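Working through the structure, step by step
Below are the chains, spelled out letter by letter.
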Amino acid sequence: MMLRNIIFLFVIILSGCNSEKQQSDKGEEISDDWSEVLKSSRGKKVTWMMWQGDPYINKYVSSYVVPNVKEKFGIDLEVVSGQGNQIVSTLIAELEAGSSSSELDMVWINGETFYQLRQIGALHGPFLEKLPNTKFIDFSNKFINKDFQQSIDGYECPWGNVQLALIYNKDMVEEPPKSLKELKTWVKDNPGQFTLSNDFTGITLLKSWMIGLSGDPELFTGEFSEEVYSKYSDKLWDYIKEIKPYLWRQGETFPANIAQMHQLFSNGELAFTMSNNDGEVDNKILQGLFPESSRAFIFNEGTIRNSHYLGIVEGSDKKEAAAVVINYLISPEAQLHKMKPSVWGDGTVLSLNELPDSLKVAFESIEERKYAPDREEIYELALEEPAPEYMIRLFEDFRQKIIEQ
Amino acid sequence: MKVEFRNVSKVLIYSVIVFPIIWIFIFSLFTNWAFPSIFGFGEFNINIWERLLDSESLLLSGLLLSLIISLITAILSVSLGFATSEVIYKSRYKNTLLLSAYFPYVLSPVVLALLLQVYFVKAGLSGSLIGVIVALFMIVYPYSVLFFVGYWNENLINMKQLVRTLGGNKFSAWTKVVIPVSKPVISLCFFQCFIIAWFEFGLTNLLGVGKVKTLPVQIYMYIQEANPYYAAVASCLMIAPPLFLLFINRRWMSESIKFSPLR
Amino acid sequence: MKKKILISFFLVITVVPVLAGLIYAFLYSLGITGVISKGLTFSYWKEILYSSGFFLSLFYSLIIGAITIFISFFIAYFIYPFFINGSGKGQLIMFIPLSIPPMVWAFYHYLMFSGAGFISRLSYHLGLISNPGEFPVLVNDNFGTIVILTHVVMAFPFFTLYFIRIHNSEKIDRLTTLAKNFGASDSEVSWRVRLPIIFLKSRVLLILYLVFVAGSYEVPLLLGSQSPRMITVFTLEKMQRFDLYDKPVAYGAAFLYAIVVLIIVLFSLKRSFRTDEGRV
Amino acid sequence: MLKVTNISKNYSGVEVLKNISFDLQVNKTLSILGKSGGGKTTLLKIIAGLLRQDSGEILFDNINISEKAPELRKVVYLYQEPLLFPHLTVRGNLEFPLKLNKTLSKDMIKRKAEEMAEELSIADQLDKHPGQLSGGQSQRVNFGRALLASPRLLLLDEPFGNLDAQTRASMQTFYKKVEEEHQITSIFVTHDLKEALIMGDRYGFLENGKIREYSSLAEMQKDSITGLQNEINFWKELEG
C-alpha cells in the first residue's frame, strides 16, 4: 500500500515533465486608458529583478524610486537581485513548469537578455505607446531605438544611455594609452596593473576592441555574421594573448565582476578599471570609493555606447502596475535625479528638445562632471552595439581561449 | 616541557578560533578601510548598526526572515524526525531506509535545488517563504532522522512501554518520559538543524528567486557590490544566534558528536 | 498504521524528490523536455562527456575535497589529545568555528588573504612587499588555496571532536598502556596503534565529508578560481548561461554528479553498516 | 483469575510461541523457568499488551483483555533493568503512576509515596536521583513504583538478573515479603532454577515456544526435562 502511494506520487510528479510550453495568456493586458491603468495598479506589489552590483544604483532605487512609487501610485515595489542570465533562467524555469503567474513582473535588461527573452516569448509587448512619458524619449537616436542591432519593437522601454569608459589613476599613469597599440606598450612596461572583468562590462570592452581591431565599425552592424566574427575575434585573441602575461596576475585569473575590479582599483592593486557608464568616475569619487586622482577616458578606436531598458514579463499578472513604475522611471523628474553625478550619473534617454523649458534648464544645469570626459566629445567615438550573438560567443570564447589556457 | 608545549598549542588554537569573530565585529564598526592601514580601520562609523533599528532596514528584516525560516525548519524537522526515527530504528529495513536519508543530505543542496526547481515552480512554491522552508526541510529532516536513529536504544523503548503498563497512555509516555528524558539530545538536534537551515545559501537563493533575502543571501549581495562593511554587519548578525544556542547547549555539547552523522 | 504513515512520509521526503529531479534532469539532457527540446538527441551528452569540462570540474572538486580532508585529519589527529581531559570547555571551543556559517568564513578569509587584505597589509608594514600587487595570489587562484583553508577551519574542529569520541569509545588509553607494556615507544604507539584505529573508525565519515566539501557552493563561488571551477559552480554557471543550449548540458552535469555521489555514498555506507552489524 | 489460552506468535516466519495456555489463581506466583531466547519476554509482553499475539486470548476474571491497550489492563511489566526515569528523583519515580491517576490529591500522592518508601526502607533516598542509587536500592524503587500503580498482575522478567549474588538473595527475600503483604498475583520469569523454586507457588517450564505446567515441586521433579532431578542428584552426590 505504501508502495502504491509512492508510485501514485511519481505519476503526479512526472506529469510535470510534459506540460511545459503551454503559455498562459490569461495574464491581463495593459489598458489603453492611462487613468484606468493608474487606478487598477493601486495597492499592487511589483517585483523587479535587476542587477544589484552597485551600491549607488541600489540606493537610487531603494531610497528614491521605491518610496516615490509607493507615495505617488500606491505601488509596493520589491527589488530582487539578478543579472540578465538569472532573469532568463528564472523565466525559462517558469515556462517549463507551465506556471500560471510569474514571480517577476518587471526586469532590467538589454542586449542578449532582451534577445533571449524575445526568443522564448517571455516579454510582454508592445507596450511602449501606452506609457504617457514615452513622448519625451529620444527615439530618433540609434543608440536608443536599437538594442544590440535589434529593433526594440515596443517590447522594452529605454531607461538610461551610457558609453563604456576606461578609468585610470592619474597618480599611477601619467598619460593614459589612447589606443590599443599604446595600451600594449604601456601594459608591457607596467606589468600587473591592467585587467578586465569577466562579466558584462569586460566583454563589452572586448567587443569594442574587436570592432576597433577591424577598423570598420560598419562590419558589425546588422545581423550576426560568422565570417566577421571569426576573422576579427581571432585578431582579438591574438592581441590578448600577447598582453596576457603582463596582465594582473599574469592573466591567469580575471576579476569575476566589475565591483571586484573597482575594489582592486581603489586599493591601488590596479591602475585601470572601467565602467559601462561614462559618468561613473565622478560618482565613485564623490562617494569616496575611488581616489581623487581617478579619471575616465575613451580609446581613439571608440567604445560601445548602449542603452539599458526595462521590460514587462509576459507571465506577470501585474503588468499595469509594472507599466506605471516604468512610466515613472522615464519621467523627467526621475531621469533628472538619476543623472546627477552624486546619485548615479546615468545618461538620460529623454530628448531635451521635447521637454518644457523649465525642465530643459534643470537638465542642463546638473552639476558638471569633473572627472569624466565631455559628453559631446565621447559621443563622436561611440560605437553601436553589434548583434547579441557576438556577446554570447565572446563570453564562451573568452573562457575557452583565454581563461582556460 | 611537554606540558608547556601543550599549553602553547592550546592558546594558539584558541586564538585562531576566536580571532575571526572579534576581528569581524571590529571591522563592522568602521568604513573606508584603505590599504595599507591595518588596525586603523578608517573611519569609526556605526551607522550601519544604527540603521538596524530602522524598521525599513533590509538587514533587520533579513535577520527576522532567517530566524523564522530556520526556527520553523528546525522545529518541524526535530519533531517529525524524532517520531520517524523511532519507527526506523525498530524497522527491519533500518539500514536501507537510512541510506535514503543520507542521500539528500550529502548531495550538494544547490544541485538538489537545481533538480527540484521545475517542480517547485510548478507547485507555486518558488520565490516564496514556504517554498524555501519546504526545500530546507528536505535536507534537514533526513539529518534529524539520522541523528535520532543513532540515539534510540532499547532502554528508551522499554521505558516508554513501562509507562504504558504503569497506566499512562501513548501521549503521556511521550510527554512525561520520552521527551523529558531526551531533552538534551532534542536540544542538540535542534541546534544542529537550526544551524544547517541558518547556513544555507545556494538553495535558498535559487529557489527563493532572490526574493527570500535571508542573511547569507544578503552577505553575498553585499560582497558582489563590493560593500564589505554591510557584509560585516550581516556576518555579525549571522554569527550571534548560533553562538547563543551554543551557549545554551554548552553542558551537553561535547556529547552531541556521538549522534552526529556528519558535521 | 502510524508506522506506515511515518515511513511513507519519510520516503516521500527523501527518495521521491531526488528521484523525480533526476528523472527530469535526465530527460532534459536527452533533449526530450524543455523549451528548446527538439526530440531525443545525444549531442548534449557528447558535450558533457567530451568537451564541457565536466570531468575536470568533478575531478578538481574531489581533489580539493581530498586535500581538505587530508590536512584536517592530521591537524585534528595531532591536537585532539590536548582536549581529551579537562572540563570540556576545551571541547566546547571547538564548536565555535562550527557555528560560523561558510559564507562568513569565506568573507572573512577574503578580507584576510586578498591582495589588499589583512595579511597583505601586515606584510607591507613588515616591509615584505611595497604594494598589494606583490602579494602572492591566494584568493581565486587555481590551487584553491583559500577554498581549502576555509574548509579546513570548518573541518578540523569537527574531526577533533570526533576523534576524542573514538578515542574514548575504543578505549585507546588502555590499548596505549598495553602497547607500552609490550615495549612500544611513544611514536610507535602513535603511528601503529592510535593512527590506524582512528583512521579505520573515521574513514566513512572522512569519505562523506569529502563528498560534502566537493559539493560546497558558496565558498568556491567567492574564493575559487574561474578555471577550473568546482562542480557546483560549473553546473550553476552552465545553467544560468546566456546560451540556451547550455541548459541541457547543465542538467546532464547535475545528473551525473548526483549519480557519482550516490555511488560513493552507497558504497561507503554499505560497508560501514556491515562492520556495524558485525560489532553488535 | 488469569486465563491464557492458545497464544501463538510468529516473527518473520519463526514460531516463537506455540499455543501457550495456562491459568493462574489470584495471589499466586507462577515461576517460569526458561533459557533466554525461549520466548519468555514475548509471552510477558503479550500479556502486558505491549505486543499483539497472532492468535489466542487472555482473560482476566472472565473478561477478555486481549485487545485492550496496555494502560487499561492493570498489568505492570518489569524489566531486568530497574529503568528508573533519570529525569525524576526517587520521589518523582514513586509518584509517577499516582500522578497518572488524576483523581488523587497532591497530599495523597505525597503520603502514599512516602509510605511506600518507608516500607521499602529507602525513605532517606527520596530526593536522590536514580544515578546515585545502588543496584538493590534501584530495584526497590522499581518495585515500589510498580506497586503504587496497584496492578492486578505483576510480570517480572528476570528482575534480579543484574545483581550480585548477595544482593540478589536479599532481594528475593524482600520480594517474597512484599508479595505476601500486598497480595500480589505475579508471573516471575527466570533462568535460575533455584530462584524459580524460591519465588513460585506454581511452576512452568518454557522451551521452544511451548510451556509445561507443574502444580507442585514433585511434579516438576518428575519431568526430567526441567533438570531439577539432576540438580538434586548433584547436591546429594556432593554430600554423600
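Throughout this description, residue numbers start from 1 for each chain and increase along the sequence as written. Labels follow written order: the first chain is A, the first ligand is 1, and so on. Local features in a predicted model are, by the rule used here, given only for residues with pLDDT of at least 70; side-chain atom pairs are given and counted only at 80 or more, and totals for whole chains, interfaces and linings are based on all residues. Excluding hydrogens and water, the side-chain figures rest on all heavy atoms present in the structure.

1. A closer look at the pairing of strand β10 (residues 210–214) of chain D
Residues and elements named next belong to chain D. Filter applied, for reference: Paired strands, in this sense, are two strands between which DSSP finds at least two bridges. The secondary structure listing takes helices from DSSP runs of H or I that are at least 4 residues long and strands from runs of E that are at least 2 residues long, numbered from the N terminus.
Summarising the sheet, strand β9 (residues 202–207) and β10 pair through five bridges and their orientation is antiparallel. Within the sheet, the bridge partner assigned to E207 lies in β10 and is K210. If you look at the hairpin formed by β9 and β10, you'll find two residues sitting between the two strands, and N208 has a positive phi there, around 50°.

2. A look at the state of the cysteines
Residues and elements named next belong to chain B. Spelled out, the test is: Cysteine sulfur atoms that pair up within 2.5 Å are treated as a disulfide. Burial classes follow relative accessibility: with a 1.4 Å probe on protein chains only, a residue under 20% of its type's maximum area counts as buried, one over 50% as exposed, and anything between as partly exposed.
Here the structure, examined in full by the defined rule, presents zero disulfides over all chains. Unpaired in terms of disulfides, C189 finds its nearest cysteine sulfur in C193, a separation of 3.9 Å. Residue classification places C189 among the buried positions, given a relative accessible area of 0%.

3. Comments concerning the sheet that holds strand β5 (residues 63–64) of chain D
For sheets, the rule is that strands pair by backbone hydrogen bonds, running either parallel or antiparallel. All names here are of chain D. Note the threshold: Contact between two residues is taken to exist if any of their heavy atoms lie within 4.5 Å; hydrogens are not considered. Every axis corresponds to a line fitted to the C-alpha atoms, with the helix fit spanning only the stretch in contact, and the corresponding angles, defined between N-to-C directions, vary from 0 to 180 degrees.
An order of β2-β1-β4-β5 is seen for the four strands of this open sheet, with the pairing classed as antiparallel. The open sheet terminates on both sides in strands that have one partner only, identified here as β2 (14–24) and β5. On the sheet, helix α1 (residues 40–48) packs against β1 (2–11), β2 and β4 (55–60) and is oriented at approximately 60° with respect to β2.

4. A word on the domain arrangement of chain A
Residues and elements named next belong to chain A. Condition: Annotation comment: domain bounds sourced from an automatic or database domain assignment. Here the quantity called buried area is the accessible surface, traced with a 1.4 Å probe, that two parts lose on coming together, added over both. For this analysis, a polar contact is any N or O atom pair within 3.5 Å, provided that within protein one partner can donate a hydrogen and the other can accept it, and provided that sequence-adjacent residues contribute only side-chain to side-chain pairs. Following the grouping adopted for this structure description, the nonpolar residues are Ala, Val, Leu, Ile, Met, Phe, Trp, Tyr, Cys and Pro, the charged ones are Asp, Glu, Lys and Arg, and the polar ones are all others, Gly among them.
Each domain of chain A was delimited in the assignment, giving domain 1 (28–160 + 306–373) and domain 2 (163–305 + 380–403). Of the residues lining the interface, 27 residues belong to domain 1; the matching set on domain 2 comes to 36 residues. Summing the contributions of domain 1 and of domain 2, the shared interface buries around 2,600 Å²; its carbon and sulfur component is 55%. The tally of links between domain 1 and domain 2 comes to 15 residue pairs in polar contact (both at pLDDT 80 or more). Those elements that place two or more of their residues in the side of domain 1 that touches domain 2 are α5 (111–119) and α6 (142–145). If you tally residues by element for the side of domain 1 that touches domain 2, the top one is α5, at four residues. When its residues are assigned to classes, the side of domain 1 that touches domain 2 shows 11 nonpolar, nine polar and seven charged.

5. Let's talk about the interface of chain A and chain C
The following threshold applies: Salt bridge, as used here: a side-chain nitrogen of Lys or Arg that lies within 4 Å of a carboxyl oxygen of Asp or Glu.
At the junction of the two partners, chain A supplies 42 residues and chain C supplies 38 residues. Between chain A and chain C, the buried area comes to about 3,400 Å², and carbon and sulfur atoms account for 60% of it. Summed over the shared surface of chain A and chain C, the number is three salt bridges. Where R399(A) meets E237(C), a salt bridge forms, and the shortest distance between an N and an O atom there is 3.8 Å. Connecting chain A to chain C are eight residue pairs in polar contact (both at pLDDT 80 or more). Mapped onto the side of chain A that touches chain C, the elements with two or more residues apiece are α1 (2–14), α4 (84–97), α5, α10 (258–266) and α16 (388–403) of chain A. Examining the composition of the side of chain A that touches chain C, we find that nine residues originate from one element, α4(A), more than from any other. Of the residues that constitute the side of chain A that touches chain C, the class distribution is 19 nonpolar, 13 polar and 10 charged.

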